[in-house]
Amino acid sequence: MTENVIKKVRTPSFPTYSSVAQILTILDGVSRSKVADMVNAIWSQKGTPQNPTDWSDPDVWISERLLGDSMLLARRIWEESNHIVNPRYIQGTTNFINVYNLIADSEGFYRLSERGQRFLNKDPSILRELDEAEGILQLLLILAPKTRAKRGELLPEWSEFLKEHSNFCAESTIKDTLWSRLKNISERGLVARDGQFYSITNQ
């Protein structure tokens, strides 16, 4: 009999928890279809690897590339997040909140779930659950014995962990998952960054 193993590190574009909190608050009460329409409208204009679209300035591209409800929602996300969350890159965040049931579907509208409220309240138990599921605890264990380390020095152990516990095996994806999780824990003060070097903090 084959044992069912729950895979870890399931979110490729892993968000910072501050952006998750912003999106949970903003999308509460918003139509799911309007969110999907906005994401699709943005995705349809992403360009090609040879000629990529510039999404760096939402103040410019939102009004130039979107219409109607999609434009209004994108502008709301940008403005209510205090210009922190670029609407072009919310798909990783929306995937995360859906996978972990931080938001619920109520008759076609997003509604903050009980788990989502606990996340906003920084409930230690749910944060630990999410950190465990997304490989954060393992990354801290990899970093802990090192005085300070560059990303490249963490990559071999992180790659070995992913190949055993996740569905990721491409080198580029493995690097992206490491970078996004280092960004997450740096923002939370669990890791200090000094140039190219990372070190674990007392926290």
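Everything below is about the structure printed above this text.
Conventions and cut-offs
- Residues numbered from 1 in each chain as written.
- Predicted model: local features only at pLDDT ≥ 70, side-chain atom pairs only at ≥ 80, totals over all residues.
- Heavy atoms only, no water.
- Helix = DSSP H or I, 4+ residues; strand = E, 2+ residues; numbered from the N terminus.
- Expected span 1.5 Å × (residues − 1).
- Bend = angle between axes of the 7 residues up to and from the residue.
- Buried < 20%, exposed > 50% of the residue type's maximum accessible area, 1.4 Å probe, protein only.
- Contact = heavy atoms within 4.5 Å.
- Salt bridge = Lys/Arg side-chain N within 4 Å of Asp/Glu carboxyl O.
- Core = buried A, V, L, I, M, F, W, Y, C linked by side-chain atoms within 4.5 Å.
- Pairing = 2+ DSSP bridges.
- Axes fitted to C-alpha atoms, helices over the stretch in contact; angles between N-to-C directions.
- Phe/Tyr/Trp six-rings, centres within 6.5 Å; stacked < 30°, edge-to-face > 60°.
- Parallel < 35°, antiparallel > 145°, perpendicular 65-115°, else oblique.
- Left-handed = near helix turned anticlockwise from the far one by under 90°.
- Nonpolar A, V, L, I, M, F, W, Y, C, P; charged D, E, K, R; others polar.

> Please provide a residue-by-residue account of unusual backbone geometry, values included.
Positive phi outside glycine occurs at Val9, with the angle close to 55°. In this fold, Val9 is placed in the segment before helix 1 (17-27). With phi around 60°, Asn82 is a residue other than glycine that occupies positive phi space. Within the secondary structure layout, Asn82 lies in the loop between helix 4 (68-80) and helix 5 (91-99).

> Can you tell me about helix 9 (residues 151-165), naming the residues and giving the values?
Between its first and last C-alpha, helix 9 extends 20 Å over 15 residues, near the 21 Å set by a 1.5 Å rise per residue. Bending of helix 9 peaks at approximately 30° at the position of Glu157. Regarding helix 9, the residues found buried are Leu154, Leu155, Trp158, Ser159, Phe161 and Leu162. Here the buried face of helix 9 lies against helix 8 (136-143), strand 3 (149-150) and helix 10 (171-187).

> With reference to specific residues and values, describe the pattern of salt bridges.
Tallied over the full model, the rule gives twelve salt bridges. The salt bridge involving Asp194 is made with Arg148; its shortest N-O contact spans 3.3 Å. Taken together, the residues Asp194 in strand 4 (residues 191-194) and Arg148 in the loop between helix 8 and strand 3 connect sequence positions 46 residues apart. A relative accessible area of 53% places Asp194 in the exposed class. Look at Arg148 and you get partly exposed, because its relative accessible area is 41%. For the salt bridge of Lys175 with Glu171, the shortest nitrogen-to-oxygen distance reads 3.4 Å. Linking Lys175 with Glu171, this pair stays in helix 10, spanning four residues, or about one helical turn.

> I'd like a rundown of the nonpolar core, residues and numbers included.
Ranked by size, the top nonpolar core spans 54 residues in total, and within it Met38, Phe96, Ile97, Leu102 and Trp158 carry the most contacts. Considering every element that reaches this core, the biggest residue donor is helix 1, with six residues. Those residues within four positions of Leu102 in sequence are excluded, and the remaining contacts are Val20, Leu24, Phe96, Ile97, Leu112, Ser113, Arg115, Gly116, Phe119 and Ile126.

> Residues and numbers for the sheet that holds strand 5 (residues 197-200), please.
Judged by pairing direction, the sheet is antiparallel, and its three strands sit side by side in the order 3-5-4 without closing on themselves. With partners counted over all chains shown, the strands left at the sheet margins are strand 3 and strand 4, one partner each. Both strand 4 and strand 5 contribute to a ladder of four bridges, which runs antiparallel. The residue bridging Asp194 from the neighbouring strand is Phe197, located in strand 5. The strands touched by helix 8 within the sheet are strand 3, strand 4 and strand 5, with strand 5 carrying the most contacts at an inclination of about 100°.

> So what's going on with the packing of aromatic side chains? Which residues, and what values?
Within this structure, the stated rule accounts for seven aromatic pairs. Pairing Phe14 with Tyr17 gives two aromatic rings, centres 6.0 Å apart and planes at 70°, and the pair type is edge-to-face. Each member of the pair Phe14 and Tyr17 is classed as buried. Members of the aromatic cluster, connected to one another through ring pairs, are Phe14, Tyr17, Phe96, Tyr100 and Phe119.

> Describe the packing of helix 9 against helix 10, with residues and values.
Packing of helix 9 against helix 10 leaves a shortest axis separation of 10 Å and a crossing angle of 110°. With respect to each other, helix 9 and helix 10 are oriented roughly perpendicular. Where helix 9 crosses over helix 10, the two elements pack in a sense that is right-handed. For the pair helix 9 and helix 10, the contacting residues are Arg151, Leu154, Leu155, Trp158, Ser159, Leu162 and Lys163 in the first and Ile174, Lys175, Thr177, Leu178, Trp179, Arg181 and Leu182 in the second. Of the residues contributing to the contact of helix 9 with helix 10, the split by class is eight nonpolar, two polar and four charged.

> Lay out the pairing of strand 5 in plain terms, naming residues and giving numbers.
Summarising the sheet, strand 3 and strand 5 pair through two bridges and their orientation is antiparallel. For Ala149, the partnering residue across the bridge sits in strand 5 and is Tyr198.

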